[in-house]
Amino acid sequence: QVQLVESGGGLVQPGGSLRLSCATSGFSLDRYPIGWFRQAPGKEREGVSCISSSDSSTTYADSVKGRFTISRDNAKNTVYLQMNNLKPEDTAVYYCAAEALFRRCVLVDPGRYDYWGQGTQVTVSS
């Protein structure tokens, strides 16, 4: 079965860094794009970043561009989200997801993603 498990969340001060990991199983990372999404309390789930399955091209939301970096290690079946210069508004539960049907990175429509992890909490606060 397809599984995605996020880890690496925690409490950090503004300006700090975290690296989230998305450990996957049940499929090959070079087959499906992997997106990172986040959801803050009372807000809709929003796309953060995505890495393609074909050429490792990346996509970022404007709010995180220049601060976050997505990458993947196919040998480890793991996708990472390096988050630098974190801001309080980055506080959310972060999810990774696989898009298995169209195999395209689309951040504006989380509903396109077929498989989701359980999420990991990121809290940015003084």
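Okay, so let's go over this structure. Source: prediction; values computed, not measured. (Residues numbered from 1 in each chain as written. Predicted model: local features only at pLDDT ≥ 70, side-chain atom pairs only at ≥ 80, totals over all residues. Heavy atoms only, no water.)

1. Structural notes on the overall build of the protein
- A count of helical and extended segments in the protein gives zero helices and eleven strands.
- Relative to its length of 126 residues, the protein is compact, with a C-alpha radius of gyration of 13 Å against a globular reference of 14 Å.
- With the C-alpha coordinates of the protein rotated into their principal frame, the extents come out at 40 × 30 × 25 Å.
- Across the 126 residues of the protein, 44% fall into the buried class.
- A fraction of 59% describes how many contacts in the protein between residues 6 or more apart in sequence connect residues 24 or more apart.
- In the form shown here, the protein has an accessible surface area of approximately 6400 Å², with 43% of it arising from carbon and sulfur atoms.
- Considering the protein, the positive charge centre built from 13 side chains and the negative charge centre built from 12 side chains are found 3 Å apart. (Helix = DSSP H or I, 4+ residues; strand = E, 2+ residues; numbered from the N terminus. Rg over C-alpha atoms; globule rule 2.2 N^0.38 Å. Buried < 20%, exposed > 50% of the residue type's maximum accessible area, 1.4 Å probe, protein only. Contact = heavy atoms within 4.5 Å. Areas by Shrake-Rupley, 256 points an atom, 1.4 Å probe, with all protein chains shown as cover. Lys, Arg positive; Asp, Glu negative; His and termini not counted. Charge placed at Lys NZ, Arg CZ, Asp CG, Glu CD.)

2. Here's the deal with the nonpolar core
- Core analysis: the largest hydrophobic core is formed by 29 residues, its most contacted members being Ile34, Trp36, Phe68, Val79, Leu81, Met83 and Tyr94.
- Only strand E3 (18-25), strand E4 (34-39), strand E5 (46-51), strand E7 (68-73), strand E8 (78-83), strand E9 (92-98) and strand E11 (120-124) provide two or more residues apiece to this core.
- No other element matches E9, which puts four residues into this core.
- If we skip the residues at most four places from it in the chain, Leu81 touches Leu18, Arg19, Leu20, Trp36, Val48, Ser49, Phe68, Thr69, Ile70 and Tyr94. (Core = buried A, V, L, I, M, F, W, Y, C linked by side-chain atoms within 4.5 Å.)

3. Quick word on the pairing of E7
- Burial along E7 is one-sided: the residues Phe68, Ile70 and Arg72 are buried and none of Thr69, Ser71 and Asp73 is.
- Bridge count between E7 and E8: six bridges; the pairing is antiparallel. Directly across from Asp73, in E8, lies its bridge partner Thr78.
- Here E7 folds back onto E8, and the loop between the two strands holds four residues, one of which, Asn77, carries a positive phi near 55 degrees. (Pairing = 2+ DSSP bridges.)

4. Observations regarding unusual backbone geometry
- At Asn85, a residue that is not glycine, the phi angle is positive and equals roughly 50 degrees.
- Its location among the elements puts Asn85 in the loop between E8 and E9.
- One non-glycine residue, Arg103, lies in the positive phi region at around 60 degrees.
- Following the sequence through the fold, Arg103 ends up in the loop between E9 and strand E10 (115-116).

5. Some points on the pairing of E3
- Here strand E1 (residues 3-7) pairs with E3 via five bridges, running antiparallel. Looking across to E3, one finds that Gln3 is bridged to Ser25.

6. Regarding the sheet that holds E8
- In space, the four strands of this open sheet follow the order E1-E3-E8-E7, with antiparallel pairing throughout. Unpaired on one side and paired on the other, E1 and E7 mark the two borders of the sheet. Pairs of neighbouring strands in the sheet enclose a mean axial angle of 15 degrees, with direction left out of account.
- Pairing geometry for E3 and E8, over six bridges, is antiparallel. Bridging from a neighbouring strand, Ser21 pairs with Tyr80 of E8. (Axes fitted to C-alpha atoms, helices over the stretch in contact; angles between N-to-C directions.)

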